[in-house]
Amino acid sequence: MKHKRKSDANQCRTEYCISTEEQDGLRAGRVARRVVLALAFLTLATLLVSELSSTPRMVKADFFQAREGYRFAFPRDLRPRHGYRTSWWYYTGHLIAPEKSAESAKDASLFRRLLNPQSQRYGYQFTIFKIENEAHPSGDSRPGRVFDMAHLALSDAAGRKYYFTERLQRHFPGIAGYDEKTQTVYVENNTLHIDNSGRLHRIRMRAKDFQLDLDLRSELGPLVHGENSISRKGFASDSASHYISIVDLSGSARLKIGSQPAQTLEAKSWMDIEFGSNVLSQTQTGWDWLHVTLENNERYMVFRVRDSEGQDFYSASYIDPRGRIQPLPRTAIRMQPGRSWKSPRTSAAYPVEWRIELHDVVRQTPLRLTPWLVRRLTEGYEIAHFRFGKAPSGPKQ
């Protein structure tokens, strides 16, 4: 879930995993009690912008604008693009200790182990943002023109702890930018490499309190959201982006927290790429963004851009187990927030319970997401862990 308020310049995003057993429980009206670990993280709201075209046209202070009919090309569109106000590479995922025996691993899939609150599991988030202060299609990176930011976060379910680090640097060789030879995006010693197929991802995170190395692989490859090559973010004709996801990343992780011994873990992740130049309109006040992964490998991306005049904008994609992506009509989507959590620092209220309705040929049953832990952890950042179904709320905060 990504929840953002224009006034406090924050946003957050969470990935959910939900079992088919819980789906059946919902249909039967039973209480679903399996716990899901999810990571919610907050970043700067001013960084929301989107994605653009193979033959882009410059608009609004000479930044490129997304356009219909854009022809995606990979790996080009997985690399940094110049002339766009903002672009990002955004990973969220789950880490879990491997089963001790082959027999145990056979009986308990990675997905079901993630749903087991007794498992040793973590949630992580890794994002690199590229922000252009002045438009320049050649990629001029003189001081002050381009900035790069990395955000790293880790949640420890068993230890009930949360760690994060943020780095902001000017775009400059050796400090932050993109290395053409190694095909690596970097901010200081935080790096991301995606191979030419778009299927192999190598992440190296160096935070204040932890280090995390991820080697991930996708079978489905890049998928494109929206219709006619653009993902709309509002009713205005220019309120759009190019939006790419890689939804089935899995592999291995090496995690070291503080002075603790390093752990070898299994990893399951979702990755988004967006690049573009649009910001929220005057009446749009924020957005809520969710990724939902079901045990049968059906997936949903759902978001709502909130509007002060009541003209909320909805968008959703359905992804079948074979990786075929289908946009859902806006009239079929409802995101209904339940109870909220109020930040003691900013007094901002954040929804922490959701009912998602997708009235399409794929899913008629509403999805219910409720938290078992919401907790302010440090200045400016909050985290949420969620469960799925109609279970009562979890441990008191």
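Everything here concerns the structure above.
Residues numbered from 1 in each chain as written. Predicted model: local features only at pLDDT ≥ 70, side-chain atom pairs only at ≥ 80, totals over all residues. Heavy atoms only, no water.

Some words on the side chain of His-171
Argument step 1. One can find His-171 in the loop between β10 (161-170) and β11 (176-179).
Argument step 2. By relative accessible area, His-171 is classed as buried at 12%.
Argument step 3. At 2.6 Å, the side chain of His-171 and the side chain of Asp-148 are in polar contact. (Helix = DSSP H or I, 4+ residues; strand = E, 2+ residues; numbered from the N terminus. Buried < 20%, exposed > 50% of the residue type's maximum accessible area, 1.4 Å probe, protein only. Polar contact = N/O pair within 3.5 Å; in protein donor to acceptor, adjacent residues only side chain to side chain.)

Considering the pairing of strand β21 (residues 299-307)
Argument step 1. With respect to burial, β21 is a largely interior element, nine of its nine residues being buried.
Argument step 2. Both faces of β21 are covered, namely the face carrying Arg-299, Met-301, Phe-303, Val-305 and Asp-307 and the face carrying Tyr-300, Val-302, Arg-304 and Arg-306.
Argument step 3. Looking at chain direction, strand β20 (residues 284-294) and β21 are connected through nine bridges and run antiparallel. Residue Leu-290 lies in a different strand from β21, and its bridge partner there is Val-302.
Argument step 4. Adjacent in sequence and paired antiparallel, β20 and β21 are bridged by four residues, among which Asn-297 carries a positive phi angle near 70°.
Argument step 5. Looking at chain direction, β21 and strand β22 (residues 313-319) are connected through seven bridges and run antiparallel. Note that in β22 the partner of Val-302 across the bridge is Ala-316.
Argument step 6. In this antiparallel pair of consecutive strands, β21 and β22, the connection spans five residues, and Gly-310 shows a positive phi of 85°. (Pairing = 2+ DSSP bridges.)

Observations concerning the packing of aromatic side chains
Argument step 1. Enumeration over the complete set of coordinates arrives at 13 aromatic pairs.
Argument step 2. Considering the side-chain rings of Phe-72 and Phe-74, the 6.3 Å spacing of their centres and the 20° angle between planes classify their relative orientation as stacked.
Argument step 3. Since its relative accessible area comes to 21%, Phe-72 is described here as partly exposed.
Argument step 4. The exposure class assigned to Phe-74 is partly exposed, which follows from its relative accessible area of 35%.
Argument step 5. An angle of 80° between the planes, with centres 5.7 Å apart, marks the rings of Trp-88 and Phe-129 as edge-to-face. (Phe/Tyr/Trp six-rings, centres within 6.5 Å; stacked < 30°, edge-to-face > 60°.)

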